[in-house]
Amino acid sequence: MNRYLGVIASSILFGLGLAMSSMIDPARVIGFLDVAGHWDPTLAFVMGGAVLVGLPLFPLVLRRERPLLEPRFRLPATTAIDRRLIAGAAIFGIGWGMVGICPGPGFAGLVSGVPLIALFVVAMLAGMGVYRVLHRQ
């Protein structure tokens, strides 16, 4: 049960951080991607703040024998850069650039009631479902 409370608490904290930094606003993200027009550096500061906190703490966390609420760390098993990774990154980037929403801010933005965000989350979940069906074969 503690594990689920940790997941819920960290998800709420993440969503609040996204909301407070305006990263659930697609216009803010598209403004960041518009480097040739009216560039908005807000996202760069949000990402920079996350890197400044995460980079020094990640090695400290990995020194622990195990995570606080899990029996073991679940790190990626492979570091290979292959076609699937590149294709997935390209699809993600194209979608993010088209609508200014990615999964985290999409879920956090559901509370805003903006139909575009809800449509994005439904389409994302449908795409994940299609991938699971196709990948099983």
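Presented here is an overview of the structure given in this document. None of the values given here were measured: they were computed from a predicted structure.

**Here we look at the packing of helix α2 (residues 26-33) against helix α3 (residues 42-62)**
And then number 1: One way to put it is that α2 packs onto α3 with a least axis distance of 8 Å and a crossing angle of 95°. The pairing of α2 with α3 is recorded here as roughly perpendicular in orientation. Facing Arg28, Val29 and Phe32 of α2, the residues of α3 in contact are Thr42, Leu43, Ala44 and Met47.
And then number 2: Split by residue class, the contact of α2 with α3 holds five nonpolar, one polar and one charged.

**Some details on the packing of α2 against helix α4 (residues 83-99)**
And then number 1: Contact geometry for α2 and α4: axes closest at 8 Å, N-to-C directions at 115°. Of the possible angle classes, the one that applies to α2 and α4 is roughly perpendicular. Contact residues: α2 offers Pro26, Val29, Ile30 and Leu33, while α4 offers Trp96, Gly97, Met98 and Val99.
And then number 2: Tallied by class, residues from the contact of α2 with α4 come to seven nonpolar, one polar and no charged.

**What about the environment of Gly31?**
And then number 1: By the element assignment, Gly31 lies in helix α2.
And then number 2: Separated by 55 residues in sequence, Gly31 and Ile86 have C-alpha atoms that sit 25 Å apart.
And then number 3: Other than its neighbours up to four places away in sequence, Gly31 contacts His38, Trp39 and Asp40.

**Focus on the environment of Val46**
And then number 1: Relative to the elements of secondary structure, Val46 occurs in helix α3.
And then number 2: The class for Val46 is partly exposed, based on a relative accessible area of 28%.
And then number 3: Setting aside residues up to four positions removed in sequence, Val46 forms contacts with Ser21 and Met23.

**Points about helix α6 (residues 115-136)**
And then number 1: A rise of 1.5 Å per residue sets the reference length of α6, with its 22 residues, at 32 Å; its end C-alpha atoms lie 32 Å apart and thus fit the reference within 8%.
And then number 2: Three or more residues of α6 are buried, namely Ile117, Phe120, Val121 and Met124. Down the axis of α6, the smallest arc covering the buried residues is 95°, so these residues share one side. Facing away from the buried side of α6 by over 90 degrees, the exposed positions are Pro115, Leu119, Val122 and Leu134.
And then number 3: Looking at the buried residues of α6, the elements they touch are α2, α4 and α5 (103-109).

Rules of the game
Residues numbered from 1 in each chain as written. Predicted model: local features only at pLDDT ≥ 70, side-chain atom pairs only at ≥ 80, totals over all residues. Heavy atoms only, no water. Axes fitted to C-alpha atoms, helices over the stretch in contact; angles between N-to-C directions. Helix = DSSP H or I, 4+ residues; strand = E, 2+ residues; numbered from the N terminus. Parallel < 35°, antiparallel > 145°, perpendicular 65-115°, else oblique. Contact = heavy atoms within 4.5 Å. Nonpolar A, V, L, I, M, F, W, Y, C, P; charged D, E, K, R; others polar. Buried < 20%, exposed > 50% of the residue type's maximum accessible area, 1.4 Å probe, protein only. Expected span 1.5 Å × (residues − 1). Arc of directions from axis to C-beta.

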